[in-house]
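# Results of the structural survey
Now for the letters of each chain:
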Amino acid sequence: MKIKPLKIYILDPGLQQKSGSNFDVVKKAIIYLKKQGYELFVLISKNYSKEVIKELAKYGVKVIPVFSVTPYNRFLFSSNIKIYIGMIRQTILDLNNFKKEFGIADLIFWSMPMSPVQMIANLFLEISKINIFNIELTPQNFSDLAIKCYMKFKKKFYQRNDILYLSRDDFTTKIFNNFVNISIERYPQHTDSYSEIFERKRKKKFAVGIFGIQEIYKEDIFFDLIKKLLKLNCKVIIQDNKELVKKKFQSTKNIFFFKYEKNISDVFKQIDFGVYFFNPIRYKLLVSGIVNEAISFGLPMIIPKDNLASETQKIYNCELGYNWFRFNDLFHKIDYTIKNFEIIRKSSILASIAWNKKEGTNKYFRKILEEKCINIK
């Protein structure tokens, strides 16, 4: 008798565009799980781009617009608890309507990031035999109303033993359990795994990738940075998702552009090291997908100091940090990186080897399927 494949729902209320970490993580999940022969449904935001469905449909999955509330909803920072409770109820309603048509899954996987709205709504639903909920330290998880809701629904957390809370870092459990004392397991991070280190055949000219320019593009520092890199005879490849600066540099020799939709490893193969702008205060408790991918790939990445992303670099002995408030420090770090590139490159390769021994999307799902789904019949 032919055994029916596992039915898996991938839930991502924040998935709206064919770009960004939401799309990237879901796509990686689909690629891995489809190879195992599972029946997949992807539940996304109702405010979606047709490009999302068009792209994901190529993999033979059913993509269903389900969610009215996203993890990025501006009302997550509201002071009105009635609005907050209303978003929870709406999420419950959306998922129950979905269940009426498509039934119960063997496994549901809540992708990241999520807000307390989805986390609490999940406590009132039973649409799967096994329920995987991924937690991370986003600002909306610790707003005043979020903390009040954790307290309000505290008993409900302890009534569910079919929800498995997972984290992709070593810091989440300690911080989150100050509010809700639930079991949170550390699982591998969602990055590509590289069994072989890519060796770019570098010519005399360094190639430098610039990421996250929306953080500083209005500042003179960005243009000073480009001038410096060109003066150092570097080729510059800029991530410019919103085309903020492309027109200003379109005709400039040795400057090229890309958007997030491009496979990040294809960009990494073109550059010797990267410079990533992000506000370290906003990333104080956030891991960074680009930094993690860079570690996995073995690519040196210069980033602001004093945040979770730089702590991750420290763990793997490949930290290249600068003071966000003193951009001359960034220029010195670029000079240092170019001058000591071979030593830095060796450190990045060792970090990549260590990373890929324990992290990666494939390891994440393999661990779940082997350890958590063994009793599914």
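Here is a short report on the structure shown in this document.

The rules behind the values
- Residues numbered from 1 in each chain as written.
- Predicted model: local features only at pLDDT ≥ 70, side-chain atom pairs only at ≥ 80, totals over all residues.
- Heavy atoms only, no water.
- Buried < 20%, exposed > 50% of the residue type's maximum accessible area, 1.4 Å probe, protein only.
- Helix = DSSP H or I, 4+ residues; strand = E, 2+ residues; numbered from the N terminus.
- Arc of directions from axis to C-beta.
- Contact = heavy atoms within 4.5 Å.
- Pairing = 2+ DSSP bridges.
- Axes fitted to C-alpha atoms, helices over the stretch in contact; angles between N-to-C directions.
- Expected span 1.5 Å × (residues − 1).
- Right-handed = clockwise from strand over helix to strand, strands pointing away.

## Some thoughts on helix H15 (residues 361–371)
- Those residues of H15 not exposed but buried are Thr361, Tyr364, Phe365, Ile368 and Leu369. Projected down its long axis, H15 shows its buried positions confined to an angular sector of 115 degrees, all on one face.
- Buried residues belonging to H15 abut helix H1 (20–35), strand S4 (105–110), strand S5 (128–135) and strand S6 (163–167).

## Describing the sheet that holds S5
- Read from one edge to the other, the open sheet built from 7 strands follows the order S3-S2-S1-S4-S5-S6-S7, with strand pairing classed as parallel. Here the strands that pair on one side only, and so sit at the sheet edges, are strand S3 (62–67) and strand S7 (184–186). Here the average twist between neighbouring strands, direction ignored, is 25 degrees.
- The pairing of S4 with S5 spans 5 bridges and is parallel.

## Digging into helix H14 (residues 341–358)
- Taking 1.5 Å per residue, 18 residues should reach 26 Å; H14 reaches 26 Å between its end C-alpha atoms and fits that length.
- Note on H14: the residue one or two positions beyond its end, Gly360, has a positive phi of about 130 degrees.

## Describing the pairing of S5
- With 7 of 8 residues buried, S5 is to be regarded as a mostly interior element.
- For the crossover that starts at S4, traverses helix H4 (residues 116–121) and ends in the parallel S5, the hand is right-handed.
- Sheet analysis places S5 next to S6, joined by 5 bridges and oriented parallel. Within S6, the position partnered with Phe133 by the bridge is Tyr165.

## Topic: the sheet that holds strand S13 (residues 321–322)
- Strand order in this open sheet of 6 strands is S10-S9-S8-S11-S12-S13, and the pairing throughout is parallel. Here the strands that pair on one side only, and so sit at the sheet edges, are strand S10 (255–258) and S13.
- Along the sheet face, helix H8 (residues 220–231) touches strand S8 (207–211), strand S9 (235–239) and S10 and points at about 150 degrees away from the line of S9.
- Strand contacts of helix H11 (residues 289–297): S8, S9, strand S11 (273–276) and strand S12 (301–304), with the helix running at about 150 degrees to S12, the strand carrying the most contacts.

## Considerations on the pairing of S11
- Residue alternation in S11 divides its side chains into two sets, Phe273 and Val275 and Gly274 and Tyr276, and both sets are buried.
- Sheet topology places S8 next to S11; 4 bridges connect them, and they run parallel. When the sheet's bridge partners are listed, Gly209 is paired in S11 with Gly274.
- Summarising the sheet, S11 and S12 pair through 2 bridges and their orientation is parallel. By the bridge assignment, Val275 is partnered in S12 with Ile302.
- With respect to chirality, the unit in which S11 leads through H11 into the neighbouring parallel S12 is right-handed.

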